[in-house]
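Each chain is listed here by its residues.
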Amino acid sequence: CPSGATAPTPPIVVDDCGNTVTPSAGVPSPDPPCAGIKTWTFTYTGCDGIPVDWVYTYTISPPVVTIPAGGSSMVDCPANALVPTPPTVMDNCNRTLTVSAGVPSADPLCGGTKTWTFTYTACDGSTYPWVYTYTINPPTVTLPAPGSSTVACPSNATAPTPPTVMDNCNNTLTPSAGVPSADPACAGTKTWTFTYTNCDGSTFDWVYTYTISAPTVTLPAAGSSTVACPMDAIAPTPPPVLTICTRPMPSPAGVPSADPACVGTKTWTFTYTACDGTPYNWVYTYTISAPTVTLPAGGSS
C-alpha cells in the first residue's frame with residue numbers, strides 16, 4: 001500500500017577522506033493513484049558543495065480485494081425482490097471500491113430466483129461482482145367460499161359467473177369453463193365446477209351448488225256435469241297436468257265411486273303422481289238426476 005512506503009533510513013555515506021556526509025531530509029514522490037512506484041530521494045552534499053542523490057524506490061503492488069459472500073433472502077412475490085443495499089467493500093489498503101448500480105435478472109414466471117448483481121471496481125480497474133439472490137416462493141391461492149342458491153327447476157340451474165380469484169401476489173387466475181353435474185331426476189342438487197390453475201400448475205376447484213326444489217303441481221278445477229242415468233256417468237277424459245317446471249305428469253286411470261241407488265252423485269278420481277312421488281287427486285263428479293217415468297195411456301174395454 002502507498003501508506004507502507006514510509007521514509008526509509010538513508011545509508012551512512014563517507015567521502016574518500018573519511019568525512020561523513022550528512023543527507024538532506026528525504027523527499028517523497030507523489031503516491032501513485034493505485035499500484036506503481038514511490039521514491040524517496042536523499043541528497044548528500046560533500047564539502048565541495050556538489051550534491052549527490054540517493055534514491056529509495058518502493059514498488060506498490062496492485063490492490064487485493066476480498067468480496068464478501070453474496071447475500072440472499074426469501075420473499076413471497078417478485079414485487080418484493082427490491083434492489084438491496086450492497087455492502088461497502090474496501091481493498092487491503094482501506095480504499096473504498098466504487099460500486100455500480102444493481103442489475104436485476106428477469107422475474108421468474110412463478111416461483112424461483114431473482115438476482116441483483118453489483119460490480120465493484122478497484123483503483124487498478126479490476127472488477128468484482130457481488131450477487132444478491134432472492135428466492136421467490138410459489139404463489140399461494142385462497143378460493144372464496146363456494147356459491148349456492150335454490151331454484152324451482154333444473155332449467156333454472158344455469159352456469160353461474162365464477163368469482164375473480166387472485167393469488168397472494170395479485171395475479172389473476174383464469175378459471176376453466178364451468179362443468180355441470182347431471183340434472184337430478186326430480187328434486188335434488190346440481191353443481192357447476194370451475195377449475196383455477198396457478199402458475200405452478202396446481203389446480204383449485206370452486207363449486208356452485210343449486211338446490212332444486214320439489215316440483216309444485218297445481219291441478220285444474222274439478223270437473224262436473226249432470227246426467228240422467230248412472231250408466232251415463234262414464235269415465236271422463238282427465239286434463240293434461242304439468243308441474244311448475246313444465247314436466248308432464250302421466251295421465252292416470254280413473255277410479256269410479258259406486259253408482260247411487262237412485263239419484264245422487266258418482267265420482268271419477270284420477271291420481272297424478274309427481275316425480276318426487278307426491279300424489280294429487282283430480283275428481284270429476286256426475287250428478288245423476290231423479291228418474292223420469294212416463295206411463296202408457298190407461299187401458300179400457
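Thresholds, definitions, all that
- Residues numbered from 1 in each chain as written.
- Predicted model: local features only at pLDDT ≥ 70, side-chain atom pairs only at ≥ 80, totals over all residues.
- Heavy atoms only, no water.
- Core = buried A, V, L, I, M, F, W, Y, C linked by side-chain atoms within 4.5 Å.
- Buried < 20%, exposed > 50% of the residue type's maximum accessible area, 1.4 Å probe, protein only.
- Helix = DSSP H or I, 4+ residues; strand = E, 2+ residues; numbered from the N terminus.
- Contact = heavy atoms within 4.5 Å.
- Disulfide = S-S within 2.5 Å.
- Salt bridge = Lys/Arg side-chain N within 4 Å of Asp/Glu carboxyl O.

## Some thoughts on the nonpolar core
Across soluble globular proteins, nonpolar side chains show a tendency to be buried alongside one another.
1) Next: Val217, Met249, Tyr272, Tyr280 and Tyr286 are the most contacted members of the largest nonpolar core, which has 14 residues in total.
2) Next: Within the residue set of this core, elements represented by two or more residues are β19 (264-273) and β20 (279-288).
3) Next: Looking at this core, the element that brings in the most residues is β20, giving five residues.
4) Next: Excluding residues that lie within four positions of it along the chain, Met249 makes contacts with Val217, Val241, Thr243, Tyr272, Thr273, Ala274 and Tyr280.
5) Next: Listed in part, the 13 residues of the second largest apolar core include Leu97, Ala122, Trp130 and Tyr132.

## As for the environment of Asp232
1) Next: Here Asp232 lies in the loop between β17 (223-227) and β18 (255-256).
2) Next: Exposure remark for Asp232: the relative accessible area of 34% places this residue in the partly exposed category.
3) Next: Asp232 sits 56 residues away from Ile288 along the chain, and the two C-alpha atoms are 8.6 Å apart.
4) Next: Setting aside its immediate chain neighbours within four residues, Asp232 contacts Val227 and Tyr286.

## Considering the state of the cysteines
1) Next: Following the criterion strictly, the structure yields six disulfides and no others.
2) Next: Here Cys110 is linked by a disulfide to Cys199, with a sulfur-sulfur distance of 2.0 Å. Disulfide Cys110-Cys199: the torsion about the S-S bond is 65°, which places it as right-handed. Here Cys110 is found in the loop between β8 (103-104) and β9 (112-121), whereas its partner Cys199 is found in the loop between β15 (188-197) and β16 (203-212), with 89 residues between them in sequence.
3) Next: Here Cys47 is not disulfide-linked; the sulfur of Cys17 is the nearest cysteine sulfur, at 7.0 Å.
4) Next: Cysteine Cys229 is unpaired, with the sulfur of Cys262 as its nearest cysteine sulfur at 10 Å.
5) Next: A residue is classified by how much of its surface remains accessible, and Cys229, at 30% relative accessible area, is partly exposed.

## Details of the pattern of salt bridges
1) Next: Tallied over the entire structure, the rule returns five salt bridges.
2) Next: Residue Asp107 pairs with Lys114 through a salt bridge whose shortest N-O separation is 2.7 Å.
3) Next: Of the residues examined, Asp107 reaches a relative accessible area of 42% and is grouped as partly exposed.
4) Next: In this structure Lys114 comes out as buried when scored by relative accessible area, which is 9%.
5) Next: A salt bridge links Lys190 to Asp183, with the nearest nitrogen and oxygen atoms 2.7 Å apart.

Read these as spatial facts, not as claims about activity.
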